[in-house]
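# What the coordinates show
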Number of protein chains: 2
Amino acid sequence: MIQKSFYLIACMKLLMEILEREIKDFKERVFPDKICFTPIGIIHSSFKELKGMPIQYSQSLSEGILEIFPNYQDGLKDLNGFSHLICLYHFDMVKLPVPLQSKPFLDNKVHGVFAIRTPFRPNPIGYSVFKIMKIRKNEILVRNIDVLDKTPLLDIKPYIPEFDVVEANKVGWIKNKSS
Amino acid sequence: MIQKSFYLIACMKLLMEILEREIKDFKERVFPDKICFTPIGIIHSSFKELKGMPIQYSQSLSEGILEIFPNYQDGLKDLNGFSHLICLYHFDMVKLPVPLQSKPFLDNKVHGVFAIRTPFRPNPIGYSVFKIMKIRKNEILVRNIDVLDKTPLLDIKPYIPEFDVVEANKVGWIKNKSS
């Protein structure tokens, strides 16, 4: 009985330690003026300039390499079991501020920046889904690249159709225009 | 003929000006140590603590409000034509550094952070797809919220099935575990 209690207390202490390590104190939560990230790697592609780049990853068959910096390499364990990954990156060539409304590639009417997929966004974060071809050490060979060479890489997540395939039935201005 | 040339030159000048305004000079491109963003709004939800939160947006029927700060409101034009949006946000309660490998909710084995969907990531950027219920001025009422109340909002993009529905045929460790 005593042994069981000790075990329970030890478990709870460990849990508290884990929670404390991972989560900030709610009392100290302040809404931030700015949020900073550190690149986890660099994207290598054949696109050295904007000219000739694919508009969307879904329309690209180009291959490229996501080079993960060595100190993050352990984070790739078991990613090779997935066929596709979600890639978040920084459109680092975009000059701020950007216009809040503009014409997208696929239309000649002006739309809000949050209703189009332009790289010229208030926070120029790119989102692409790439097919995983091969992972070797800290390098991921991917297909469907629509990213400029030497683009800073922010995050990689596994693409999981059960989560990420959404039945969207309204596509606004892009209807009948995307292909 | 002269008139035509003038017109052409004026057009090209305008184009150069637009390009120069939007894109940085390649010669000045330096790989960044850190990348900073400014929140464009705040996410309001009923989740005041981590306890009881949905693991994934696809498993949530909760509603919440994306409050866009007034200076970005013009960017929402025509978003109301879409049924779903992609939301990028900052997991601001995550303490850094995070472990590079850990057990996800759905498994009892350790996987790399880039092969799981945990919020505890080197760059804690959240990705969710929400159903748009109503847009009024600078507020978007959405469904499928899986985000802590008062979370800083980074970007909104329209969800476009033709781009974003990917035929992924391998889901690694998560196979037969996600439901």
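What comes next concerns the included structure. (Residues numbered from 1 in each chain as written. Chains lettered and ligands numbered in written order. Predicted model: local features only at pLDDT ≥ 70, side-chain atom pairs only at ≥ 80, totals over all residues. Heavy atoms only, no water.)

## Quick notes on the overall build of chain A
When its secondary structure is counted, chain A shows two helices and nine strands. Along its sequence from the N terminus, chain A presents helices and strands in the succession α-β-β-β-β-β-β-β-β-β-α. When the 179 residues of chain A are sorted by exposure, 49% land in the buried category. Look at the contacts in chain A between residues 6 or more apart in sequence, and 76% of them connect residues 24 or more apart. Looking at chain A as shown, the accessible area adds up to about 9700 Å², and 57% of this sits on carbon and sulfur atoms. (Helix = DSSP H or I, 4+ residues; strand = E, 2+ residues; numbered from the N terminus. Buried < 20%, exposed > 50% of the residue type's maximum accessible area, 1.4 Å probe, protein only. Contact = heavy atoms within 4.5 Å. Areas by Shrake-Rupley, 256 points an atom, 1.4 Å probe, with all protein chains shown as cover.)

## A closer look at the side chain of S45 of chain A
All names here are of chain A. Following the sequence through the fold, S45 ends up in the loop between β2 (41–44) and β3 (63–68). Classification of S45 as buried rests on a relative accessible area of 7%. Among the polar contacts made by the side chain of S45, one reaches the main-chain amide nitrogen of F47 at a distance of 3.1 Å. A distance of 2.6 Å separates a polar atom in the side chain of S45 from the backbone oxygen of V147. The residues contacting S45, other than those within four sequence positions of it, are I145, V147, L148 and D149. (Polar contact = N/O pair within 3.5 Å; in protein donor to acceptor, adjacent residues only side chain to side chain.)

## Side note on the sheet that holds strand β4 (residues 84–90) of chain B
Residue and element names in this part refer to chain B. The sheet built from six strands closes into a barrel, its strands ordered β2-β3-β8-β7-β4-β9 with antiparallel pairing. Averaged over all pairs of adjacent strands, the angle between their axes in this sheet comes to 45°, without regard to strand direction. Where strand β2 (residues 41–44) and strand β9 (residues 151–158) come together, three bridges link them in antiparallel fashion. When the sheet's bridge partners are listed, I42 is paired in β9 with P152. (Pairing = 2+ DSSP bridges. Axes fitted to C-alpha atoms, helices over the stretch in contact; angles between N-to-C directions.)

## Things to note about the environment of F120 of chain A
With respect to the helices and strands, F120 of chain A occurs in the loop between β6 (111–112) and β7 (125–136). Separated by 22 residues in the primary sequence, F120 of chain A and V98 of chain A place their C-alpha atoms 5.9 Å from one another. When neighbours within four sequence positions are excluded, F120 of chain A is seen to be in contact with V94, V98 and V113 of chain A together with E22 and I23 of chain B.

## Quick notes on the state of the cysteines
Evaluation of the coordinates by the stated rule reveals one disulfide over all chains. C36 of chain A shares a disulfide with C36 of chain B; S-S distance 2.1 Å. Between C36 of chain A and C36 of chain B, the disulfide has an S-S torsion of 105° and is therefore right-handed. Taken together, the residues span two chains, with C36 of chain A in strand β1 (residues 35–37) and C36 of chain B in strand β1 (residues 35–37). Here C87 of chain A is not cross-linked by a disulfide; its sulfur's nearest cysteine counterpart is in C87 of chain B, at 18 Å. On the accessibility criterion, C87 of chain B (0% relative accessible area) is buried. (Disulfide = S-S within 2.5 Å.)

## Brief notes about the packing of aromatic side chains
Under the defined criterion, the tally for this structure stands at eight aromatic pairs over all chains. Judged by centre distance (6.4 Å) and plane angle (80°), the ring pair of Y57 of chain B and Y127 of chain B falls under edge-to-face. Taken together, the residues span a long stretch of sequence, with Y57 of chain B in the loop between β2 and β3 (63–68) and Y127 of chain B in strand β7 (residues 125–136) at a distance of 70 residues. The residues Y57 of chain B and Y127 of chain B share a single accessibility class, namely buried. In this structure an aromatic cluster arises from ring pairing among Y57 and Y127 of chain A together with Y57 and Y127 of chain B. (Phe/Tyr/Trp six-rings, centres within 6.5 Å; stacked < 30°, edge-to-face > 60°.)

## A short note on the relation of the copies chain A and chain B
When chain A is fitted to chain B, the residual RMSD is 0.0 Å, and the transformation amounts to a turn of 180° plus an axial shift of 0.0 Å. Put plainly, the chains are arranged around a two-fold axis. Ranked by how close their C-alpha atoms come to the rotation axis, the residues of chain A are headed by C36 of chain A, at 2.0 Å. By residue overlap, the copies meet face to face through one surface: 100% of the interface positions of chain A are interface positions in chain B. (Least-squares fit on C-alpha atoms with pLDDT ≥ 70 in both.)

## A short note on the interface of chain A and chain B
Listed per partner, the contact involves 98 residues of chain A and 98 residues of chain B. Broken down residue by residue, the surface that chain A buries against chain B is led by F37, F114 and F163 of chain A, which jointly contribute 10%. Two residues, D164 of chain A and R117 of chain B, come together in a salt bridge whose shortest N-O distance is 2.8 Å. Viewed at the interface, chain B and chain A are joined by 51 residue pairs in polar contact (both at pLDDT 80 or more). Only α1 (2–22), β1, β2, β4 (84–90), β6, β7, β9 (151–158) and α2 (161–164) of chain A provide two or more residues apiece to the side of chain A that touches chain B. With seven residues, β9 of chain A is the largest single contributor of residues to the side of chain A that touches chain B. Tallied by class, the residues present in the side of chain A that touches chain B amount to 51 nonpolar, 22 polar and 25 charged. (Buried area = accessible area lost by both parts, 1.4 Å probe. Salt bridge = Lys/Arg side-chain N within 4 Å of Asp/Glu carboxyl O. Nonpolar A, V, L, I, M, F, W, Y, C, P; charged D, E, K, R; others polar.)

The analysis is restricted to geometry; functional conclusions fall outside its scope.
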